[in-house]
Amino acid sequence: MIPGARLILLGRQGAGKGTQCVRLSRQFVVPHISTGDMLRAAQREGSELGKMAKLVMDDGGLVGDEIMVGLIRERLGQSDAMGRGYILDGFPRTVPQAIALDEITTDLPIDVVIDVDVPREIVLNRLSARRVCRDCGTNYVSSGIERLPWICEVCGGDVVRRDDDTPEAIMHRLDLYDELTAPLIDFYQSTGRLCIIDGVASADEVSRRITAAVEEARQNRNR
Ligand code: ADP
Ligand code: ZN
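Only a predicted model underlies this, so the values are computations on that prediction, with no experimental measurement involved. (Residues numbered from 1 in each chain as written. Chains lettered and ligands numbered in written order. Predicted model: local features only at pLDDT ≥ 70, side-chain atom pairs only at ≥ 80, totals over all residues. Heavy atoms only, no water.)

Caption draft 1: Region of the structure containing helix α6 (residues 95-104). If you check which residues of α6 are buried, you get Gln97, Ala98, Ala100 and Leu101. With its buried residues spanning 165° around the axis, α6 presents them on a single face. Of the surrounding secondary structure, the elements contacted by the buried residues of α6 are β1 (5-10), α4 (65-76), β3 (85-89) and α9 (183-189). (Buried < 20%, exposed > 50% of the residue type's maximum accessible area, 1.4 Å probe, protein only. Helix = DSSP H or I, 4+ residues; strand = E, 2+ residues; numbered from the N terminus. Arc of directions from axis to C-beta. Contact = heavy atoms within 4.5 Å.)

Caption draft 2: How the structure looks around the environment of Ile87. Looking at where Ile87 falls in the secondary structure, it is placed in strand β3. C-alpha separation for the pair Ile87 and Arg193, spaced 106 residues apart in sequence, amounts to 15 Å. The contacts of Ile87, once residues within four sequence positions are left out, are Leu7, Leu9, Cys21, Leu24, Ser25, Val30, Pro31, His32 and Ile33.

Caption draft 3: Expanded view of the coordination of the zinc ion (ligand 2). Ligation of the zinc ion (ligand 2) by protein atoms is provided by Cys133 (SG), Cys136 (SG), Cys152 (SG) and Cys155 (SG), these donors lying 2.3 to 2.4 Å from the ion. If you look at the zinc ion (ligand 2), its four donor atoms make angles of 100 to 117° with each other, and the shape they trace is tetrahedral. (Donors = N, O, S within 2.8 Å, 3.2 Å for Na, K, Ca; no water. Tetrahedral: all angles 85-135°; square planar, octahedral: opposite > 155°, others 65-115°.)

Caption draft 4: Structural detail: the site of ligand 1. Within the structure, ligand 1 sits among 19 residues, and Thr35, Arg40, Gly61, Gly90 and Arg173 are positioned closest to it. In this structure, Gly61 approaches ligand 1 through a main-chain N or O atom, which is 2.5 Å from an oxygen atom. Take Gly90: an N or O atom from its main chain is 2.8 Å from a nitrogen atom of ligand 1. Summarising the interface, the protein chains cover 97% of the accessible area of ligand 1, which totals 540 Å² for the free molecule. No other element matches the four residues that helix α2 (residues 35-45) contributes to the shell around ligand 1. Of the residues in the shell around ligand 1, the class split is six nonpolar, six polar and seven charged. (Near = heavy atom within 4 Å. Polar contact = N/O pair within 3.5 Å; in protein donor to acceptor, adjacent residues only side chain to side chain. Areas by Shrake-Rupley, 256 points an atom, 1.4 Å probe, with all protein chains shown as cover. Nonpolar A, V, L, I, M, F, W, Y, C, P; charged D, E, K, R; others polar.)

Now the structure itself:
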């Protein structure tokens, strides 16, 4: 039987976290829990949370810690996550979120935190060309000359630029990453749970690096 996993992926917007999380989720047969996807789903449902989140997200800001912690507490309490584990994408994003997560996961602690490291200049270029399927979330790269409407190869949905992939919102998100999320790297490093992966490589190569890091973390723990 394939063992499950409890992993956190950190990395700048556009570092390729989403793609890697989908692969890891298949590899370990655990849910990919993306707080960005959860908030976008809330928007599609038109819930109060969704309406509030849209205002914050379109501007590139962060939804409040208390709301996010509540969402994650509930999600990690579901049977799939309690059983096999999960891949966390987009959470924690601040030190208070990370502290709350430690408390939520005291009984079933995370295996390892992977930081997919890609410099700011490189992600800026990637993000301005990023397009995403509105329905299934598959990512695409725009060459600037595609014929519109662009239809998703996976599910037939519309491929669009995310509302928060405007230049202003991108800059704002990257600034907030440096200010609020980058401190998590020290937070996890100081407790021996961090592994930094160089994310400037092909998606397959980055996958290999992540898999090797997860295996190593497990071996260290079992020793
Ligand atoms: P990106 O990593 O490109 O910003 P995500 O899909 O992970 O994209 O998140 C989109 C937006 O959702 C964020 O810019 C933020 O407004 C909100 N969000 C997602 N996760 C969190 C979180 N843990 N805390 C606060 N806001 C969040
Ligand atoms: Zn699709």
